[in-house]
Amino acid sequence: MVDAVRAYWLIAALWIRASMAYPVSFWTMTVGGVLITFLDFVSIWLMFSHLDSYGGFSLREIALLYGVTSIAFRVADMLVGSVEKIGQKVRSGDLDAMMTKPVPVLVQLCADRFELRRLGQIAQGVAVFAWAAPIVEWTPQRLLVLVVALVSGVVIYFCVFVTFSTVQFWTTDASEFANAFTYGGNTIMQYPMTIFPREVVRSLTYLLPLAFVNWYPCLFLLGRTDPYGAPDWFRFASPLAALALVGVTALVWRQGLRRYRSTGS
Amino acid sequence: MPLIEVRDLSREFTIRRRAGVLRRESVVKHAVHDLSFEIDAGEMVGYIGPNGAGKSTTIKMLTGILVPSGGSALVAGLEPARQRRELARRIGVVFGQRTSLWWDLPLRDSFELLRRIYRIPDRTFRRNLEDHVALLDLGDLMDTPVRQLSLGQRMRGDIAAALLHDPEILYLDEPTIGLDVVSKGRLREFLRALNHERRTTLMLTTHDLQDIEALCDRVIVIDRGTAVFDGPLSSLRINGGASRTLVVDLVDEAPAIAIEGAQVVKVEGPRQWLSFPADASAAPLVAQVAAAYDVADLSIHEPAIEDVIRQLYSH
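Quick caveat: nothing in here was measured; it's all calculated off a predicted structure.

Visitor: What is the right way to read the overall build of chain A from this model?
Guide: Each helix and strand in chain A was counted, giving 12 helices and 0 strands. Put simply, chain A runs from its N terminus to its C terminus through helices and strands in the order α-α-α-α-α-α-α-α-α-α-α-α. Against the 2.2 N^0.38 benchmark of 18 Å for 265 residues, chain A shows a C-alpha radius of gyration of 19 Å, consistent with a compact globule. Projecting the C-alpha coordinates of chain A onto the three principal axes gives extents of approximately 55 × 45 × 35 Å. Split into buried and exposed, the 265 residues of chain A put 42% on the buried side.

Here it is, written out as structure tokens:
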């Protein structure tokens, strides 16, 4: 594990240095990233010029949900987003080359073309969160839940990236499929669950537990009860959901790699 | 103990294909079938065969990329499929048509990253870098991004990269594909020196039989997943029932030369081509021709291995 993390940073650091070789391009892309993601939130804000609340949530409350899921998602995207290029690496034969190096293949895939400029997108999430933060009556407990939720959220999105990218070992052209769950998942979580039918919320709790990234922890931060009547301990269960997902992801990844190693394609 | 030990190694692939609207049939393809051979430390072995014969599948099993479906392989005392990452520290792999360097980064950065990933001691790294960079003529290219390198330059970069951690075995998959004659010659020279001076074991697959002639004392020919020949290059020629050619330049044009033990296959003015079995001596033929004709010049041509191998495949 220590070796894997070390190897990850070695590769990532190389890409960071490479991108810094062109500082103008780096900063343009970073600022561009902030602007594009900023427009993303503006669309929600504009919606509120006609509404006082949406699904029973005020704009600031939604901004809180938006901020937490965005930070978690963008951090995961920066750290492991490259994994969605599995299919491309299989076709080009790069995966074979990776397998002849003494570093876990998953680490090499995730660290490949590490993009520090994605910090810009994270910054946007942080800004939205900071704007929303004053509506929470902060206590040490709430701060702890927030930190735990953010860490768990990164892990959950990491698992979603890896699991759905691994599908490409079976169908090499399915990177769009992964996008539906990663970017799509993040977009869904930017809204309060109250606007969705019960079945969707159930799926996002028990099947693909994205609701543990922001929905349940934010209910605690806001001191609100769950409109769908989920048990109160769900608000603190983000690490459990993350852990369960890590188990599933490890299994799927291993199966995928095993399949590759017995078919070579 | 041999460095590479392959015993009854097999890899089957199940290919599913549509056989009707809903029906699908499975076809089992034996890419490698009951393959056995041993390679000792310090050998240079050519691994050749037609497309689809199982060369790449074998190399992938020996490097741990593919898991065998039967039999066993032992490389440097390790089981490649199970101890892939451990094995990676002791072997170097160069795939001819793709690069394991980082495409957008200059060679220098790629080498530096490899130094850290493999935890190569400073002294080893510096020595290897100095040696290989000089011999492979990479000095001026160290700061060029890999994507801007020509095929030959990239290949040299790849080979230098694969050798940084002092591997005991170097696998080369089509190392001279797409290179010009001069580059090919230099690369062969480098590999020969590597084998002589460092005792690095080389296993190379190639379509270029001149690679084999220039480099390999031993050839393994694989066809349809099994070894059809394993031995020195010289006996490959004889085994294939090949023939050598005596080219005679006469002073004047003459009718076809009639001597025992050889046949005229071609006449072109004063020049005649005589074919004789590869395992026969050329001396008595030369004596006979010289005794009966006015000879301006003589030369003997070895059989082209292409022809020899073609014959092997047709059996």
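Visitor: Please explain the pairing of strand β10 (residues 243-250) of chain B as it appears in this structure.
Guide: Looking down a regular strand, the side chains alternate between one sheet face and the other. The pairing of β10 of chain B with strand β12 (residues 271-277) of chain B spans 7 bridges and is classified as antiparallel. If you follow Arg-244 of chain B over to β12 of chain B, its bridge partner there is Phe-276 of chain B.

Visitor: Is there a simple way to think about the sheet that holds strand β2 (residues 24-39) of chain B in this case?
Guide: Hydrogen bonds between backbone atoms are what pair the strands of a sheet, whose relative direction is either parallel or antiparallel. All names here are of chain B. Taking strand neighbours across the sheet as the criterion, the 3 strands line up as β2-β1-β4 in an open arrangement whose pairing is antiparallel. For this open sheet the edge positions go to β2 and β4 (70-75), each flanked by a neighbour on one side alone. Strand-to-strand, the axes of this sheet are offset by a mean angle of 30°, without reference to chain direction. Bridge count for strand β1 (residues 4-18) against β4 is 5 bridges, and the pairing is antiparallel. By the bridge assignment, Ser-10 is partnered in β4 with Gly-70.

Visitor: What am I meant to see in helix α2 (residues 23-47) of chain A here?
Guide: Each α-helix winds once per 3.6 residues, and so residues spaced three or four apart point in a common direction. Residue and element names in this part refer to chain A. Compared with the 36 Å implied by 1.5 Å per residue over 25 residues, the 37 Å span of α2 between its first and last C-alpha is a close match. Three or more residues of α2 are buried, namely Gly-33, Thr-37 and Phe-41. Of the surrounding elements, those touching the buried residues of α2 are α3 (59-80) and α7 (119-132).

Visitor: Even after reading the chapter, I still don't get the domain arrangement of chain B, so can you show me in this structure?
Guide: One frequent convention defines the size of an interface as the accessible area lost when the parts assemble. Residues and elements named next belong to chain B. Along its sequence, chain B is carved into domain 1 (4-238) and domain 2 (241-314). Using only C-alpha atoms to locate each centre, domain 1 and domain 2 end up separated by 38 Å. Listed by partner, the interface residues are 12 residues for domain 1 and 10 residues for domain 2. Contributions of two or more residues to the side of domain 1 that touches domain 2 are made by α7 (209-215), β8 (218-223), β9 (226-232) and α8 (233-239). Looking at the side of domain 1 that touches domain 2 residue by residue, the class counts come to 9 nonpolar, no polar and 3 charged.

Visitor: Quick question: what am I supposed to make of the UniProt feature "transmembrane region" (unreviewed entry) in chain A here?
Guide: All names here are of chain A. The feature "transmembrane region" (unreviewed entry), as annotated in UniProt, sits at residues 31-51, 63-83, 143-164, 203-222 and 234-253 in this numbering. Counting secondary structure, residues 31-51 comes out at 81% helix and 0% strand; the distance between its end C-alpha atoms is 30 Å. Between the C-alpha atoms that bound residues 234-253 there is a distance of 27 Å. The span itself is 80% helix and 0% strand.

Definitions and limits used
- Residues numbered from 1 in each chain as written.
- Chains lettered and ligands numbered in written order.
- Predicted model: local features only at pLDDT ≥ 70, side-chain atom pairs only at ≥ 80, totals over all residues.
- Helix = DSSP H or I, 4+ residues; strand = E, 2+ residues; numbered from the N terminus.
- Rg over C-alpha atoms; globule rule 2.2 N^0.38 Å.
- Buried ≥ 20, exposed ≤ 12 C-beta atoms within 10 Å, placed from the backbone.
- Pairing = 2+ DSSP bridges.
- Axes fitted to C-alpha atoms, helices over the stretch in contact; angles between N-to-C directions.
- Expected span 1.5 Å × (residues − 1).
- Contact = placed C-beta atoms within 7 Å.
- Domains from an automatic or database assignment.
- Nonpolar A, V, L, I, M, F, W, Y, C, P; charged D, E, K, R; others polar.
- UniProt positions renumbered as here; feature names shortened; annotations may be inferred.

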